[in-house]
Amino acid sequence: MSGRGQSAMVTGPITADPVSCEEFGYGLGRPDGILVLRYRSVARLAFAEQREDFLHQLYWSPDGLLSARQGRHTAFVGPDEVFWVHRAVTHEVHAADRQSVYRICLREVPPALHGLGAGVAAIDAGAARLVLALTDRGYDERDAPEARSRIMAGLTPRSLPVDGRPTGGPGVAVTVATALARDPSDATGLAEWADRLHVSVKTLQRDFAREFGMSYSRWRTKLRLRASLALLETRPVGEVARRIGYASPSAFISAFAREYGYTPGRAVTMRGAAGIPAEPAPDPARSDRGPMAD
């Protein structure tokens, strides 16, 4: 199969329709083929829970944050990362408004990702440039096999941040947590969530303590700060603060420093020096069992 600018062949429910979805396919009928779908949207874009049984998939956005969920696990994916999903693994992915999302479909597993059902992988700059090149209408199809091989070689697995919740039946707190993971900047307060879910504030508070071992406010802070780690390397502090729901950069910097013991700028420096995500190691003195955040 080869073709460009066509409607997408890979299906899956998208709860907010994109402004456009373009297809750039190169020999996908063969094991060494690749298909890149480029989505553009002015509203929030959501690939609702789905499972693709034929193709492996990578989700990447060069200009924003993705939140990805597989089972009980939620990950935040920055512009230098992709979310990898092996075929036949159920997942969902969400993007913010005015964001481009690239969905890269493969029939072979990248060498570094063998054995990984779903998770976050780093994508190096050269591989990212080739993804963009494959969506250029003037791209020479004869170069596609080499580009595909280079993209696959440019992926490095990273650990998937998980929420650490014990297994058990989900309650109202899980409903709220899932919604916030899709949009960490959501300013909805506890009372409004309780009203939406037709429960009392006390019931929702108790459910957060039962499910996550902490209050709603504490969980949301941790979530937001975890999300910031995926954005800081490629976005200025002011933009990161706005995207994760802080009223000002100073408020974000203060919250980040209280949580991790150093500033966002220092986190970027540490990440660059080590070549790994700037996610602090867990503090054994903390009793937090929750996912990520305020």
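Here the structure is shown first, and the text comes after it.
Residues numbered from 1 in each chain as written. Predicted model: local features only at pLDDT ≥ 70, side-chain atom pairs only at ≥ 80, totals over all residues. Heavy atoms only, no water.

Undergrad: Which parts of the structure should I look at to understand helix 6 (residues 216–231)?
TA: Residue pairs spaced three or four apart in an α-helix point in one direction, given the helix's 3.6 residues per turn. Helix length check: helix 6 (16 residues) gives 23 Å between terminal C-alpha atoms against 22 Å at 1.5 Å per residue, within 8%. In terms of burial, helix 6 is largely enclosed, as 14 of its 16 residues are buried. (Helix = DSSP H or I, 4+ residues; strand = E, 2+ residues; numbered from the N terminus. Expected span 1.5 Å × (residues − 1). Buried < 20%, exposed > 50% of the residue type's maximum accessible area, 1.4 Å probe, protein only.)

Undergrad: What exactly am I supposed to notice about the layout of surface pockets here?
TA: Where empty space is left becomes clear once a probe the size of a water molecule has been rolled over the atoms. In this structure, the second largest pocket occupies an estimated 310 Å³ of space. Counting only elements with at least two residues in the lining of the second largest pocket, the list comes to strand 6 (66–70), strand 9 (91–95) and helix 7 (237–243). Along the lines of polarity and charge, the residues of the lining of the second largest pocket split into eight nonpolar, four polar and eight charged. (1 Å grid on protein atoms, 1.4 Å probe; cavity = no way out; pocket = protein on both sides within 12 Å on 5 of 7 lines; lining within 4 Å. Points joined across faces, edges and corners; volume = space filled by probe spheres on them. Nonpolar A, V, L, I, M, F, W, Y, C, P; charged D, E, K, R; others polar.)

Undergrad: What's the story with the sheet that holds strand 7 (residues 73–77) in this structure? I'm lost.
TA: Sheets are built from strands paired through backbone hydrogen bonds, the pairs being either parallel or antiparallel. Reading across the sheet, the four strands line up as 4-9-6-7 and stay open at both edges, with antiparallel pairing between neighbours. Because the sheet does not close on itself, it has two edges, and the strands there are strand 4 (45–50) and strand 7. The average angle at which neighbouring strand axes cross in this sheet is 15°, direction not considered. Pairing between strand 4 and strand 9: four bridges, direction antiparallel. Bridge pairing in strand 9 places Leu45 opposite Ala95. Here helix 3 (residues 172–182) sits on the sheet in contact with strand 6, strand 7 and strand 9, set at roughly 140° to strand 6. (Pairing = 2+ DSSP bridges. Axes fitted to C-alpha atoms, helices over the stretch in contact; angles between N-to-C directions. Contact = heavy atoms within 4.5 Å.)

Undergrad: Looking at this model, I keep getting lost on the side chain of Gln57. Mind explaining?
TA: Structurally, the position occupied by Gln57 is in strand 5 (residues 56–60). One polar contact links Gln57 to Tyr59, side chain to side chain, over a distance of 3.4 Å. (Polar contact = N/O pair within 3.5 Å; in protein donor to acceptor, adjacent residues only side chain to side chain.)

Undergrad: What is the right way to look at the pairing of strand 11 (residues 118–123) in this model?
TA: For strand 11, the buried fraction is high: six of the six residues fall into the buried class. Residues of strand 11 alternate between two faces, with Ala118, Val120 and Ala122 on one and Gly119, Ala121 and Ile123 on the opposite face, all of them buried. The sheet contact formed by strand 8 (residues 81–85) and strand 11 spans five bridges and is antiparallel. Bridge pairing in strand 11 places Val85 opposite Ala118. Sheet analysis places strand 11 next to strand 12 (residues 155–158), joined by four bridges and oriented antiparallel. Its bridge partner lying in strand 12, Ala122 is registered against Thr156.

Undergrad: Quick question: what am I supposed to make of the environment of Val268 here?
TA: Within the secondary structure, Val268 is located in helix 9 (residues 264–274). By relative accessible area, Val268 is classed as partly exposed at 28%. When the C-alpha atoms of Val268 and Leu229 are compared, they prove to be 8.4 Å apart, with 39 residues separating the residues in sequence. Dropping the residues within four chain positions of it, Val268 is found in contact with Leu232 and Glu233.

Undergrad: Is there a simple way to think about the state of the cysteines in this case?
TA: Working definition: the covalent bond between the sulfur atoms of two cysteines is a disulfide. Per the stated rule, a full pass over the model turns up zero disulfides. The closest cysteine sulfur to the non-disulfide-bonded Cys21 is located on Cys105, 9.6 Å from its own sulfur. (Disulfide = S-S within 2.5 Å.)

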